[in-house]
Amino acid sequence: MTASPTLAARFEALAAEWKAAVALTSSSSAMVAHPAYQAVIALGPPAVPLLLRELEREPAHWFEALKAITGEDPVPPADWGHVRVMAAAWLAWGRTRRLI
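Peer 1: Could you give me a rundown of the side chain of His34, with the residues and numbers involved?
Peer 2: The residue His34 is located in the loop between α2 (28-33) and α3 (35-42) in this model. A distance of 3.0 Å separates a polar side-chain atom of His34 from the backbone nitrogen of Ala36. The residues touching His34, leaving out its near neighbours within four places in the chain, are Glu17, Trp18, Ala21 and Val22.

Peer 1: Residues and numbers for the pattern of salt bridges, please.
Peer 2: The final tally for this structure, using the stated rule, is 8 salt bridges. Glu54 is the salt-bridge partner of Lys19, the closest N and O atoms lying 2.1 Å from each other. Of this pair, Lys19 sits in helix α1 (residues 5-22) while Glu54 is found in helix α4 (residues 48-57), placing the two residues 35 residues apart along the sequence. For Glu54, a relative accessible area of 10% corresponds to the buried category. Each of the salt bridges in this network shares a partner with another, and the network as a whole consists of Lys19, Glu54, Arg57 and Glu58.

Peer 1: Can you lay out the packing of aromatic side chains for me, pointing to particular residues and giving the numbers?
Peer 2: Under the counting rule described, the total for this entry stands at 5 aromatic pairs. Where Trp18 meets Tyr37, the ring centres are 5.2 Å apart and the plane angle is 50°; that geometry is what we call tilted. A residue pair is termed long-range when its members are at least 10 positions apart, and Trp18 in helix α1 and Tyr37 in helix α3 qualify at 19 residues. Take Trp18: its relative accessible area is 2%, and that puts it in the buried class. Assessed through its relative accessible area of 0%, Tyr37 is described here as buried. Geometrically, the ring pair formed by Trp90 and Trp93 is edge-to-face, given 5.0 Å between the ring centres and 70° between the ring planes. Here Trp90 pairs with Trp93, and both are found in helix α6 (residues 83-96), just 3 residues apart, close to one helical turn. You can call Trp90 buried: its relative accessible area is 0%.

Cut-offs applied
- Throughout, a residue's number is its position along its own chain's written sequence, starting from 1.
- Two thresholds apply to this predicted model, a pLDDT of at least 70 for residue-level local features and 80 or more for giving and counting side-chain atom pairs, whereas whole-chain, interface and lining totals are computed over all residues.
- Only hydrogens and water are set aside when side-chain values are computed; all heavy atoms of the structure are taken into account.
- In DSSP terms, a helix is any run of H or I states spanning at least four residues, a strand is any run of E spanning at least two, and both are numbered starting from the N terminus.
- Polar contact is the term for a pair of N or O atoms within 3.5 Å; when the atoms are in protein, one must be able to donate a hydrogen and the other to accept it, and sequence-neighboring residues count only if both atoms are side-chain atoms.
- Between two residues, a contact is recorded if the distance between any of their heavy atoms is within 4.5 Å.
- Salt bridge, as used here: a side-chain nitrogen of Lys or Arg that lies within 4 Å of a carboxyl oxygen of Asp or Glu.
- Here the term buried applies to any residue with accessible area under 20% of the maximum for its type, exposed to any over 50%, and partly exposed to those in between, with areas from a 1.4 Å probe on protein chains only.
- Each Phe, Tyr or Trp ring (for Trp, its six-membered ring) is paired with any other whose centre lies within 6.5 Å, and the angle between the two planes then decides the class: stacked below 30 degrees, edge-to-face above 60, tilted in between.

In structure tokens, the structure reads:
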């Protein structure tokens, strides 16, 4: 599934804004509360492939956004907090659904 150029550009702008704003933040709740993160969630299901590709490129805390949009969480509780492992679980989830 390919996102529209407009959606992709909006996502990239929001992702860049979010990363810059939370670069020195260790609180995941503060990361998720950021307006740019919330705006990514508001993009809805069409943003899922973009989020997965972003995780593929650079693992970051997009997990709550993915969970909020999809209503799923493929990460076992034992792996919570391990960003690379969590990213791998989401990427496997996306591949099985042919989203990436």
